Structure formats: structure tokens, C-alpha cells
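Below, each chain spelled out in residue letters.
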Amino acid sequence: MIAAPDRTPLTRDFFDRPVLDVAPDLLGRLLVRATPDGPIELRLTEVEAYDGPNDPGSHAYRGRTARNGVMFGPPGHVYVYFTYGMWHCMNLVCGPEGRPSGVLLRAGEVTEGVDLARKRRLSARYDKELAKGPARLATALGVDRSLDGADACGPEASPLTMLTGSPVPSDQVRNGPRTGVSGDGGVHPWRFWIADDPTVSPYRAHAPRRRST
């Protein structure tokens with residue numbers, strides 16, 4: 001008999017740890033997105049760690065800006081950024097306040113509110129593709145910059161909440177290079193995923209964008 005996921009909210013202490021401890025520990029946890037039409041729940045299956053000033057791949061590597069300010073705030077908050085002029089991606093801030101680090105939520109399984117997610121992800125052929133990739137995940141959940149700074153450890157009225165869920169045993173966790181990260185930051189094996197899970201996104205090495213001539 002499979003035990004039901006634990007619906008106890010994660011505390012701020014969970015996130016107030018080194019990012020490389022938090023990232024794999026997020027696998028199997030539940031993210032709840034409250035919307036006017038009802039909740040959407042997501043079981044996390046793939047994440048990536050970004051270690052601020054120690055990590056050339058991090059948005060916070062060169063210091064604080066208007067864009068990344070949430071990463072310097074309290075742990076457990078949501079950092080949302082806009083990329084390539086069309087997509088949003090979401091992260092969970094980790095570690096002590098003032099030392100920016102975070103976990104990019106790369107993929108997950110929509111476990112509740114599938115119909116609501118489908119309305120946002122019309123191009124998904126199968127339910128396993130609804131949140132297969134960080135931009136798809138944010139789109140399926142209706143996450144944009146208006147949620148930047150939301151408290152995932154906040155009250156029940158919070159638009160985004162992390163629940164304990166069903167933590168994944170360590171022997172089912174895999175890790176490897178982060179997807180699409182260039183330069184010195186590309187060598188870190190800081191992407192973590194659940195082995196053989198069909199919602200995990202395919203690995204892609206960084207490919208420089210070509211400028212039109």
C-alpha cells in the first residue's frame with residue numbers, strides 16, 4: 001500500500017540550509033498553486049541548484065540587481081525571472097538571508113488540477129509533458145513576475161505553498177550537469193532528478209545563440 005503524500009507545509013528551516021542539501025531534498029515534494037479557478041498541485045521531479053557568489057551560472061554571481069533582489073532575502077521565497085523575452089521560470093530561495101542561492105524548479109508531475117494546467121499548456125500532447133521543463137512548469141502553474149517574492153512558507157492564502165509530500169529515497173536520486181549552462185558554471189553536476197520518471201526533461205548542453213545577420 002502506497003502512503004498518501006504528507007500535506008504538512010515545509011517550514012522556513014527546511015530552506016535555510018545549503019542549496020546543495022535543499023535541492024535533492026525537494027524531489028517528491030508538493031508545490032500547490034492557488035488560482036481563482038482552483039488549486040493546481042505539482043510533484044517535483046527535477047531541480048537545479050544555483051549557489052550565488054560561488055557559482056558563475058547563478059543570476060546572483062555578480063551581486064544584487066533589481067532583477068535578482070529576492071534571492072538575497074529570506075529563504076523559502078519564490079524568485080521568478082523572465083527569459084528569452086517570452087518565458088518565466090521559478091526558483092525557491094535557500095540559505096541564510098543575504099547570501100543568495102536558489103533552486104530552479106525544472107520539472108514535475110501535475111497531480112491535481114490537470115484540466116487547469118492543460119488550458120495553459122495547449123501544446124502538450126500528454127499529461128507527462130505539462131510541466132516537463134522550467135518554462136513549461138511555470139506556464140502550467142500560471143506563474144509570472146507578479147509572483148516574484150511570494151512566500152512559499154506563508155499562510156494558507158499564499159498563491160504558492162510547498163508541502164512535505166513524499167520525499168524520494170537517495171538511491172532513486174540522480175545528478176548531472178545543469179541544462180544549458182555555459183562557461184565555468186556549466187561543469188557543476190547540480191541538476192537532480194528522480195530516476196526513470198517520465199516527466200523529467202531531456203538534458204541539453206549549452207548552445208550559443210546565433211545572431212541574425
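Attention in this report is confined to the structure presented alongside it. (Residues numbered from 1 in each chain as written. Predicted model: local features only at pLDDT ≥ 70, side-chain atom pairs only at ≥ 80, totals over all residues. Heavy atoms only, no water.)

## Focus on the overall build of the protein
Piece 1. The helix and strand tally for the protein stands at four helices and nine strands.
Piece 2. Each helix and strand of the protein, ordered N terminal to C terminal, gives the series β-α-α-β-β-β-β-β-α-α-β-β-β.
Piece 3. Compactness check: the protein gives a C-alpha radius of gyration of 16 Å against a globular reference of 17 Å for 213 residues, within 12% of the reference.
Piece 4. Each of the three principal axes of the protein carries a C-alpha extent, and together these read 50 × 40 × 35 Å.
Piece 5. Taken across its 213 residues, the protein has 52% of its residues classed as buried. (Helix = DSSP H or I, 4+ residues; strand = E, 2+ residues; numbered from the N terminus. Rg over C-alpha atoms; globule rule 2.2 N^0.38 Å. Buried < 20%, exposed > 50% of the residue type's maximum accessible area, 1.4 Å probe, protein only.)

## A word on helix 4 (residues 134-141)
Given 3.6 residues per turn, any residue in an α-helix points the same way as the ones three and four places further on.
Piece 1. The element helix 4 is extensively covered by neighbouring structure, given that six of its eight residues are classed as buried.
Piece 2. Residues of helix 4 that are buried: P134, A135, L137, A138, A140 and L141.
Piece 3. On its buried face, helix 4 sits against strand 2 (30-35), strand 3 (38-50), strand 5 (87-94), strand 6 (101-112) and helix 3 (114-120).
Piece 4. Taken from the residues just after helix 4, G142 is the one with a positive phi, measuring 70°. (Contact = heavy atoms within 4.5 Å.)

## What to know about unusual backbone geometry
Piece 1. For D196, which is not glycine, the phi dihedral falls at a positive 65°.
Piece 2. For D196, the location among the structural elements is in the segment after strand 9 (191-194).
Piece 3. Residue D196 is classed as exposed on the basis of its relative accessible area of 77%.

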